[in-house]
Amino acid sequence: MKGISPNPYLPLYEYVPDGEPRIFEDRLYIYGSHDSSGGDWFCLEDYVVWSAPLDDLSDWRYEGVSYRKDQDPHNSDGRWELFAPDVVQGTDKRYYLFYCIRKMLEFGVAVSDSPAGPFTFYGHVHYADGTVFREHMPYDPSVLVDDDGCVYLYYGYTSEAIAVKLGGSVSLGCMVLELEQDMLTVAKEPVVCLPRDINTAGTGFEGHGYYEAPSMRKINGGYYLVYSSEVCHELCYAVSERPTEGFVYGGVIVSNADIGLNGRKAPVCLPGNDHGGIVCVNGQYYIFYQRHTQCTQFSRQGCAEPIRILPDGSIPQVEVTSSGLTGGALPAVGVWPAAYACHLTYRDGMKMLAYREADPAVFPCIWEDISEADESEREQYIRNITDGTTIGFKYFEADHVRNIRLLLRGGGDGIFELRSDDPENGECLAAAKINGSKDCTDSWRAITAPVSWDGVHALYLIYHGSGSVCLKEIEFET
């Protein structure tokens, strides 16, 4: 549907995390890493680019593979993965892709005459004498070409354990260095612009020190630096009047589990690492971030939410939704894949905080089956729904909805309680009974719940019963 762009905003079979939104000409481009469905590590695929016209952020177009991991001469065998990239337009009007490769303590740069690519290798960031720049963990590049043409590269990764494994020196925080306009040569030595966790005392960043994933934007004359904090699942921001110093902590923009929103302590879904940036499209600002599927950090998908920048320059934390770039509620019409759920919790939600230990045999999760005969045949659904599992969608606009149909399979025996607005205290719309021996088998089967539903609401499905159930779709009938 035109204008309808739920989360995730790309097709459900696509896994592009670490998304950097950039506007070039009349299109919005997404540059990110590229995960695999069911992968066993981060960023196993080559870079791809997707774009959408500014007047319809639901009309995403696949631009193809933009850069392969084996194009970098230091990784010609394609052994190591391409991590989070960024793309900017240089003063020469060409497009520059900045990237890093696992186990390579350096930044690669590729160039193209088109924002969609393909990009060709251009060089490695280096000093004037040609020595490759390797200081302070050169990971996660973000680039700003300022109004005066100055080029700033923000970067850094603060894990001591990873630094030891890579044989490098850990970042002291978020680092920034100035480049020459050739986009390769270091013009000034790097400095710390945001403190990491162990250096936050007395800075205002306490509890939200820099961890990774910087993303710089200049907004209304101020420098807004979005980053992933020591808390990992949240994207915070800091603001300064200067590009390299004077940054003041602003707050949390989004947590990919809604932790901290209105004092919330329990996650609304499985949390995990986060990375994204801000973009303004037709006067509306958005924050891009990522969600985690398949009970792993290795199959991440891009999401986005509208945000507000208040007159004082602050950004209130926003909730994660199913609506995403739509900018309003999704129409409660026809069939919606269950994989658009933005709330998915186990009966003991606090256990989900240990996301690195998440077991897909225990926790409910968004899953994907891929046909062995044809990899293009993919099926997404929520699996391992057990007693106490809560599934939520924010938000739907209902117009005299009279039936909600659930497409299920599995061996469950119990009820799905359908609630509006709140999973505990919201209006109970219906209780859909399922019988493990009759209704839920290895094949998908529809269960219909009569309801009377109007207006804009969140929709929650809470399972009470035995066994394990999978949910593929919900369908609204008027």
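Residues numbered from 1 in each chain as written. Predicted model: local features only at pLDDT ≥ 70, side-chain atom pairs only at ≥ 80, totals over all residues. Heavy atoms only, no water.

A few words now on the overall build of the chain. For the chain, the count of helices and strands is one helix and 29 strands. Along the first, second and third principal axes, the C-alpha set of the chain runs to 75 × 50 × 45 Å. For the chain, the share of sequence-separated contacts (at least 6 apart) that also reach a separation of at least 24 residues comes to 60%. Counting every atom, the chain has about 18,400 Å² of accessible surface; 47% of that belongs to carbon and sulfur. The distance from the centre of the 37 positive side-chain charges to the centre of the 69 negative ones in the chain is 3 Å. (Helix = DSSP H or I, 4+ residues; strand = E, 2+ residues; numbered from the N terminus. Contact = heavy atoms within 4.5 Å. Areas by Shrake-Rupley, 256 points an atom, 1.4 Å probe, with all protein chains shown as cover. Lys, Arg positive; Asp, Glu negative; His and termini not counted. Charge placed at Lys NZ, Arg CZ, Asp CG, Glu CD.)

With that out of the way, let us pick up the sheet that holds strand β4 (residues 61-67). With antiparallel pairing, the four strands of this open sheet are ordered in space as β1-β2-β3-β4. Unpaired on one side and paired on the other, β1 (20-24) and β4 mark the two borders of the sheet. Here the average twist between neighbouring strands, direction ignored, is 30°. Sheet topology note: the strand β2 (residues 27-31)/strand β3 (residues 47-53) ladder contains five bridges and is antiparallel. Following the sheet pairing, L28 is matched in β3 by A52. (Pairing = 2+ DSSP bridges. Axes fitted to C-alpha atoms, helices over the stretch in contact; angles between N-to-C directions.)

So, on to unusual backbone geometry. At the junction of N7 and P8, the peptide bond is cis and its omega measures out at 0° in the coordinates. By secondary structure assignment, the location of P8 is in the segment before β1. The amide bond that connects K394 to the next residue, Y395, takes the cis arrangement and shows omega of 0°. For Y395, the location among the structural elements is in strand β25 (residues 390-410). Positive phi, normally seen in glycine, also occurs at D18, with a value near 55°. Counting through the fold element by element, D18 comes out in the segment before β1. Its identity is not glycine, yet N384 carries a phi of approximately 60°, on the positive side. Mapped onto the secondary structure, N384 falls in strand β24 (residues 378-385). What makes N384 buried here is its relative accessible area of 11%. (Buried < 20%, exposed > 50% of the residue type's maximum accessible area, 1.4 Å probe, protein only.)

Looking now at the state of the cysteines. Taken as a whole and assessed by the stated rule, the structure comprises zero disulfides. Here C174 is not disulfide-linked; the sulfur of C193 is the nearest cysteine sulfur, at 3.7 Å. On the basis of relative accessible area, C174 is assigned to the buried category, the value being 0%. A disulfide-free cysteine, C342 has its sulfur positioned 7.7 Å from the sulfur of C269, the nearest such atom. (Disulfide = S-S within 2.5 Å.)

The side chains of a regular strand alternate, first on one face of the sheet and then on the other. Among the eight residues that make up strand β14 (residues 222-229), eight are buried, leaving the element largely enclosed by the rest of the structure. Sheet topology places strand β13 (residues 210-219) next to β14; seven bridges connect them, and they run antiparallel. Its bridge partner being in β14, K218 is matched across the sheet by Y223. Hairpin connection from β13 to β14: two residues lie between these consecutive antiparallel strands, with N220 at a positive phi of about 50°. Across six bridges, the pairing between β14 and strand β15 (residues 234-240) is antiparallel. When the sheet's bridge partners are listed, Y227 is paired in β15 with C236. Remark: four residues form the turn of the hairpin made by β14 and β15, two consecutive strands paired antiparallel; C232 in that turn has positive phi of roughly 80°.

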